[in-house]
Structure formats: C-alpha cells, structure tokens
Amino acid sequence: MKKALITGINGQDGSYLAEFLLDKGYEVFGTLKRNSVAENQTARLDNVYDKIKLFYADLTDLSSLISVIQQTQPDEIYNLAAQSHVRISFDQPIYTAQVTGIGTLNMLEAVRLIKPDAKIYQASSSEMFGNSIDSDGFQRETTPMNPVSPYGCAKVYSYNICKNYRNSYNMFISNGILFNHESPRRGTNFVTNKVVKEAVKIKKGLSNKLSLGNLDATRDWGHAKDYVEAMWRILQLDEPNDYVCATGISHTVRELCEYVFTKLDLDYNDYVVMDKKFLRPEELHDLKGDPSKLKQHTDWTPEYTFETMLNEMIDYWMIKL
C-alpha cells in the first residue's frame, strides 16, 4: 500500500485528492493548520474523515514538517498548502511570501533530510505568468513568468526552488502549473463560487445584488476533480518534470455571470455591480493554458466542461441554500 501525504488536505484540492487516492488504495495522511474553530475546518473531508490520518503542521514551522514526515514516511507528497487567495495576498504580502514561498522551501528541506526518495508534487500556479502570453494567445511551460501579485511572486519562488532541489539533490520534484479550477467546494470568496452562490440566493429571494471586480478578465476554468487526477498522473511518471494543467479554453467573468444567471432564468445585468474594492492593484487580464505536454506525457483528459462544472455548482447551492 502506497502512502501519500497531502499538505492542506482540508482545502478544495486536498479533499478531492484524498478521495481519489483512497480509491486507488493509498494510505492517506494530511496536514492541517490549527484553527480556533475546529468544527468547520474539516468540513470538506466529511466523506473520508474516518479513512485518513490528520496531523497539525504549518509550512512556516520546519520542525512540524520534519515530525510529520518522520511519522508517516510517505512515498508521495502533494504540497497543496498555501495562502492561496490572490487578492488577499496584496493585503498580507509578507505572510503570503512566508507561507506560499518559504513554506515550500521548508517542505523540500524536511523531505531532503528525512525522506529524500519521496516523490513531491508542488502546486504551482498560472498566476506565475502574470500578463505574459505567447503570440498564439496561450501560456505554456516555456512562457516567461512575470507575476503581478505577491501570491504569483511567491509561487515563482516555489517553482524555482523546486527545480533547484530537483537538480541539486536528484530528488523527484514535479511542478504542476495549474490554471483556475473550481467546484462546489471552492471557497466562496473565489469568483466562480461567489457568483454561483449569490445568483442562487437572488433566485431564491435571499439577495438582490452581486458585487464583483473586473468583469472583463478572462480565465481558463476547469474542475478540481479533474485536476487532482492530473497531479497524481504527474507523480506516476518515471522522471520529474513541470506541466501546465488547463483546459485550453478561456471565458470572461462576464460570460461566467451570463451563463449562471441565464441558467437560473435571470438577467445578470439586473443584479451585477462593479465594486472597486474587488479590483487588484495590478490586474491580471488573460489566462489560457496549453496542456499539450501534460496530455502527451500522461494521457490526461478532463471530464468536465466549463458548463458542466457550473451546472454542478448551481445544483449544489440550489439544494444547500
């Protein structure tokens, strides 16, 4: 039985990955950052709570990472923990750098000292590219990285330190450069679930307005369930490498609103308002990934489309609210 350690297991990706790995017959361990409201912290793990083993640890606390790795001796490590909200990274830039940047270095160093033969997946991000786009409109592994947020900058550091450790110590470390991926488990301060939840509330008469930032920003949105399978496939390869994971199709936030509200027999123009507080100090305008390398090396194919992903999220909130 293979053993996997997932940092940030209680996040959207971590919870789906835990379910996926359990189905594959893995023994699954996960780390949580202590939260004073413990009741809500593992809500995404309700389906598998009795099948996994959880540890308190923090990427800023090297000793806690060493302890967890010593206790679990994992074959695979999925480093998903981070301060992962781009807009909030402008409010907490130093914290974001410490967790999302230096935190990755702490994890690598802990693995190098305790379990150097473990395979490591690092959650890299499309935010690393910033507004760099190749001439054909796509971003891929060779696209220059010019991040436009503290989060993106921290992820570039993580990406590069992973490559450095891979080359310096012959460790199996792969970066998955994931573009935006969503699900009903996405935090409601992220735009997709924010739009869907608020639209359903409006439909049910529980709200009458949705405040958003830049409606013309385009993003390449996929489903988290598809993307965690890509993470696993990347670690099953014989050699470590870096891969863009995306759908190759982008939509504007406006199109997102239009689809969701239309699905609920509403006109988004009647309810959506622009609020400057949701704008970033430096905007990232367009994201569209080229997953050709990933598909070629791993045969990964996403099952969800933009529309079926949103349909699932709408159905979730229609029942939940």
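So, a few notes on the structure that sits alongside this text. All values derive from a computational prediction rather than experimental measurement. (Residues numbered from 1 in each chain as written. Predicted model: local features only at pLDDT ≥ 70, side-chain atom pairs only at ≥ 80, totals over all residues. Heavy atoms only, no water.)

**Let's talk about the overall build of the chain**
Here is the rule we go by: By definition, any uninterrupted DSSP run of H or I lasting at least four residues is a helix, any uninterrupted run of E lasting at least two residues is a strand, and each is numbered from the N terminus. Note on method: radius of gyration uses C-alpha positions; expected globular size equals 2.2 Å times residues raised to 0.38. Each residue is assigned to one of three classes by its accessible area relative to the maximum for its type, calculated with a 1.4 Å probe on protein chains only: buried under 20%, partly exposed between the two thresholds, exposed over 50%. Residues are treated as being in contact if the distance between any of their heavy atoms lies within 4.5 Å. For the charge count, each Lys or Arg is scored as positive and each Asp or Glu as negative, with His and the chain ends excluded. Lysine's charge is taken at NZ, arginine's at CZ, aspartate's at CG and glutamate's at CD.
Across its full length, the chain holds 11 helices and 13 strands. Taking 20 Å as the expected radius of gyration for a compact globule of 321 residues, we find that the chain reaches 19 Å, a close match to that expectation. Overall, the chain is about 60 × 45 × 40 Å in size when its C-alpha atoms are taken along their principal axes. Taken over 321 residues, the chain has a buried fraction of 55%. Counting only contacts in the chain whose residues sit at least 6 apart along the sequence, the fraction spanning at least 24 positions is 78%. Separation of charge centres in the chain, based on 36 positive and 42 negative side chains, amounts to 4 Å.

**Brief notes about the nonpolar core**
Note the cut-off: Put simply, buried Ala, Val, Leu, Ile, Met, Phe, Trp, Tyr and Cys residues joined by side-chain atoms within 4.5 Å make one nonpolar core.
Within the largest apolar cluster, 34 residues are counted, with the highest numbers of intra-cluster contacts made by Ile 6, Leu 21, Val 28, Tyr 78 and Tyr 121. For this core, the secondary-structure elements that each account for two or more residues are strand S1 (3–7), helix H1 (12–23), strand S2 (27–32), strand S5 (119–125), helix H8 (224–235) and strand S11 (242–245). Here this core gets eight residues from one element, more than from any other, and that element is H8. Apart from residues lying up to four places away in sequence, Tyr 78 is in contact with Ala 4, Leu 5, Ile 6, Thr 7, Leu 17, Leu 21, Tyr 121, Met 231, Trp 232, Leu 235 and Gln 236.

**What to know about the pattern of salt bridges**
Threshold: We define a salt bridge as a side-chain nitrogen of Lys or Arg found within 4 Å of a carboxyl oxygen belonging to Asp or Glu.
Taken as a whole, this structure holds 13 salt bridges when the rule is applied. When the shortest N-O distance is used, the salt bridge between Arg 112 and Glu 109 registers 2.6 Å. Of this pair, Arg 112 and Glu 109 both sit in helix H5 (residues 93–114), three residues apart, which is roughly one turn of the helix.

**Notes on the packing of helix H7 (residues 191–203) against helix H11 (residues 306–320)**
Our working definition: Lines are fitted to the C-alpha atoms to define the axes, a helix being fitted only along its stretch in contact, and any angle between axes, read from their N-to-C directions, falls within 0 to 180 degrees. Should an angle lie under 35 degrees it is considered roughly parallel, over 145 roughly antiparallel, and from 65 to 115 roughly perpendicular; all remaining angles are considered oblique. For any helix crossing, the convention is left-handed if the near helix is rotated counterclockwise from the far helix by under a right angle, and right-handed if that rotation is clockwise. Classification convention: Asp, Glu, Lys, Arg as charged; Ala, Val, Leu, Ile, Met, Phe, Trp, Tyr, Cys, Pro as nonpolar; all other residues, Gly among them, as polar.
Relative orientation of the contacting elements H7 and H11 amounts to 45 degrees, with a least axis distance of 9 Å. When the axis of H7 is compared with that of H11, the two are oblique. Of the two elements, H7 crosses H11, and the hand of that crossing is right-handed. Between H7 and H11, the residues in contact are Thr 192, Asn 193, Val 196, Lys 197 and Val 200 and Leu 310, Met 313, Ile 314, Trp 317 and Met 318, respectively. When the residues that make up the contact of H7 with H11 are grouped by side-chain class, the tally is seven nonpolar, two polar and one charged.

**Overview of the sheet that holds S5**
Going by this rule: Here, strands pair whenever DSSP counts at least two bridges between them.
Read from one edge of the open sheet, seven strands run S3-S2-S1-S4-S5-S6-S11, paired in parallel fashion. Strand pairing shows two members of the sheet lacking a second neighbour, strand S3 (53–56) and S11, which therefore form its edges. With direction set aside, neighbouring strand axes in the sheet form an average angle of 20 degrees. Across four bridges, the pairing between strand S4 (residues 76–79) and S5 is parallel. Counted as the bridge partner of Ile 77 is Ile 120 from S5. Sheet strands touched by H5: S1, S4, S5 and strand S6 (173–178). Its angle to S4, the strand with the most contacts, is close to 170 degrees.

**Observations regarding unusual backbone geometry**
Phi is mostly negative for residues that are not glycine, and the peptide bonds are mostly trans. Residue Asp 265 is not a glycine yet carries a positive backbone phi of 60 degrees. Looking at where Asp 265 falls in the secondary structure, it is placed in the loop between helix H9 (253–263) and strand S13 (272–274). On the basis of relative accessibility, which here comes to 66%, the residue Asp 265 falls in the exposed class. For Asp 299, which is not glycine, the phi torsion reads 60 degrees and is therefore positive. Residue classification places Asp 299 among the exposed positions, given a relative accessible area of 60%.

**A look at the packing of aromatic side chains**
Our working definition: When the centres of two rings from Phe, Tyr and Trp lie within 6.5 Å, Trp using its six-membered ring, the rings pair. Their planes under 30 degrees apart give stacked, over 60 give edge-to-face, and anything left gives tilted. Charge over a ring is defined by NZ of Lys or CZ of Arg lying within 6 Å of the ring centre and within 35 degrees of the ring normal.
What the rule picks out here adds up to 10 aromatic pairs. Here Phe 29 and Phe 55 contribute two aromatic rings whose centre-to-centre distance is 6.2 Å and whose plane-to-plane angle is 55 degrees, an arrangement assigned as tilted. Separated by 26 residues along the polypeptide, Phe 29 in strand S2 and Phe 55 in strand S3 bring together distant segments of the chain. With a centroid separation of 5.0 Å and an interplanar angle of 65 degrees, the aromatic rings of Tyr 165 and Tyr 169 are classed as edge-to-face. Separated by four residues within a single helix, Tyr 165 and Tyr 169 lie in helix H6 (residues 150–169), roughly one turn from each other. Taken together, the ring pairs in this structure connect Trp 221, Tyr 259 and Phe 306 into an aromatic cluster. Sitting above the plane of the Phe 172 ring, Lys 119 keeps its charged end 4.5 Å from the centroid. Over the face of the ring belonging to Phe 278 we find Lys 194, whose NZ or CZ atom lies 3.4 Å from the ring centre.

**Points about the environment of Val 195**
Mapped onto the elements of the fold, Val 195 is located in helix H7. Along the chain, Val 195 and Ile 314 lie 119 residues apart, while their C-alpha atoms are 9.7 Å from each other.

**Some details on H8**
For clarity, the threshold we go by: How far a helix is expected to stretch is found by multiplying one less than its residue total by 1.5 Å.
The end-to-end C-alpha distance of H8, which contains 12 residues, comes to 17 Å, matching closely the 16 Å that a straight helix rising 1.5 Å per residue would cover. With respect to burial, H8 is a largely interior element, 10 of its 12 residues being buried. When H8 is considered as a whole, its buried residues turn out to be Ala 224, Asp 226, Tyr 227, Val 228, Glu 229, Ala 230, Met 231, Trp 232, Ile 234 and Leu 235.

**Describing the packing of H1 against H8**
Closest axis-to-axis distance for the H1/H8 pair is 9 Å, and the angle between their directions is 65 degrees. Relative to H8, H1 is oriented so that their crossing is right-handed. Judged by residue contacts, Gln 12, Asp 13, Tyr 16, Leu 17, Phe 20 and Leu 21 of H1 engage Ala 224, Lys 225, Val 228, Glu 229, Met 231 and Trp 232 from H8. Of the residues contributing to the contact of H1 with H8, the split by class is eight nonpolar, one polar and three charged.

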